[in-house]
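Close look at the chain arrangement
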Amino acid sequence: MENTESENKKSLKDYAMILFGILAFVISCAFFAGSIALDVAGEKTIGDLSNAAWGDCPSGTTCWTGRMDFTTKDGEQITFYPMTNFMFFDFDPWLSGRSYEEYGDYQVRYFEQYPQIAKVKLAFFLEYVNMVCGLGIGTFILLITYASSAFGRRKPLVLDLSRLRKGNK
């Protein structure tokens, strides 16, 4: 069966889908690269983590909005909201061997010229779990948009798993 020209024609929807996939992948790569740059070239300080959740918390839910406050070398007070899952903050003191009295004090990395760009540094690089998941989601979105657009509709994908069955040699 031969492909006709009308089947291979790419529409505006196909271009929009592949652009969305590329943007998701590029943004996740940029966040990952920025996090590595902060670890390599960022200034170190200690920040104070607090809960900034508003209102009453309904039963059965977790009301946690982490807010990190720190002071730069120049004495400027900076506040940011880390994108790290709250349970990683609970694991950090236990994994790093810090005492309970130091709970809430975390290492912060920031750029000296742009202190608003900052991140929390956790034990065993736990903060990278979010980045790796974001990178995986960005890659998944790129592959799905590519496969569902006209760019990826050339040949069907066939997985031959018959060799994995028992008794089949």
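Structure's up top.
I will try to describe carefully the structure that is included in this document.

Rules of the game
- Residues numbered from 1 in each chain as written.
- Predicted model: local features only at pLDDT ≥ 70, side-chain atom pairs only at ≥ 80, totals over all residues.
- Heavy atoms only, no water.
- Salt bridge = Lys/Arg side-chain N within 4 Å of Asp/Glu carboxyl O.
- Buried < 20%, exposed > 50% of the residue type's maximum accessible area, 1.4 Å probe, protein only.
- Helix = DSSP H or I, 4+ residues; strand = E, 2+ residues; numbered from the N terminus.
- Contact = heavy atoms within 4.5 Å.
- Pairing = 2+ DSSP bridges.
- Axes fitted to C-alpha atoms, helices over the stretch in contact; angles between N-to-C directions.
- Expected span 1.5 Å × (residues − 1).
- Arc of directions from axis to C-beta.
- Patch = residues over 30% accessible without salt bridge, like charges linked within 9 Å, V, L, I, M, F, W, Y side chains within 5 Å.
- Areas by Shrake-Rupley, 256 points an atom, 1.4 Å probe, with all protein chains shown as cover.
- Phe/Tyr/Trp six-rings, centres within 6.5 Å; stacked < 30°, edge-to-face > 60°.

1. Topic: the pattern of salt bridges
Within the structure shown, the criterion is met by four salt bridges. Close ionic contact of Arg67 with Asp69 constitutes a salt bridge, the shortest N to O distance being 3.2 Å. When its relative accessible area of 29% is taken as the criterion, Arg67 is described as partly exposed. A residue is classified by how much of its surface remains accessible, and Asp69, at 18% relative accessible area, is buried.

2. Some words on the side chain of Ser35
Relative to the elements of secondary structure, Ser35 occurs in helix α2 (residues 12–41). Excluding its chain neighbours within four sequence positions, the residues that come into contact with Ser35 are Lys119, Tyr128 and Met131.

3. Focus on the sheet that holds strand β3 (residues 77–80)
Across the sheet, which stays open at both edges, the five strands sit in the order β3-β2-β1-β4-β5 with antiparallel pairing between neighbours. Only two strands of the sheet have a single partner each, and these edge strands are β3 and β5 (118–121). Averaged over all neighbouring strand pairs, the angle between strand axes comes to 35°, with direction disregarded. Here strand β2 (residues 66–71) pairs with β3 via four bridges, running antiparallel. By the bridge assignment for β3, Met68 is matched with Phe80. Against the sheet, α2 contacts β1 (43–51), β4 (105–110) and β5, and its axis sits at roughly 75° relative to β5.

4. Section: helix α4 (residues 128–148)
Here α4 contains 21 residues, and its C-alpha end-to-end distance of 30 Å stays within 8% of the 30 Å for a straight helix at 1.5 Å per residue. All of the buried residues along α4 are Tyr128, Met131, Gly138 and Thr145. The arc enclosing the buried residues of α4, seen along the axis, measures out at 120°, which places them on a common side. Residues of α4 that are exposed and point more than 90 degrees away from the buried face comprise Ile137, Phe140 and Leu143.

5. Quick word on a nonpolar patch on the surface
Among the surface-exposed residues, Trp64, Phe86, Met87, Phe91, Trp94, Leu95 and Phe124 lie close enough to one another that they form a single nonpolar patch of about 760 Å² accessible area. In this fold, Leu95 is placed in helix α3 (residues 86–96).

6. Here's the deal with the pairing of β2
Sheet topology note: the β1/β2 ladder contains four bridges and is antiparallel. Bridging across to β2, Ser50 finds its partner in Arg67. What sits between the antiparallel neighbours β2 and β3 is a turn of five residues, in which Gly75 has the positive phi angle 90°.

7. Some remarks on the environment of Ile78
Mapped onto the elements of the fold, Ile78 is located in strand β3. With a relative accessible area of 6%, Ile78 lands in the buried category. Considering only alpha carbons, one finds Ile78 and Pro115, 37 residues apart in sequence, at a separation of 7.2 Å. Leaving out residues up to four positions away in the same chain, Ile78 has contacts with Met68, Asp69, Phe70, Thr72, Pro115 and Gln116.

8. Remarks on the packing of aromatic side chains
Applying the stated rule across the entire model yields two aromatic pairs. Seen in terms of ring centroids, Phe70 and Phe80 are 5.9 Å apart; in terms of plane orientation they differ by 75°. Their pairing is edge-to-face. Here Phe70, found in strand β2, pairs with Phe80, found in strand β3; they are 10 residues apart in sequence, far enough to count as distant. The class for Phe70 is buried, based on a relative accessible area of 2%. Ring plane angle 35° and centroid distance 5.2 Å describe the contact between Phe70 and Tyr110, whose orientation is recorded as tilted. One end of the pair, Phe70, is in strand β2; the other, Tyr110, is in strand β4, and 40 residues separate them in sequence. Residues Phe70 and Tyr110 agree in their burial class; the two are buried.

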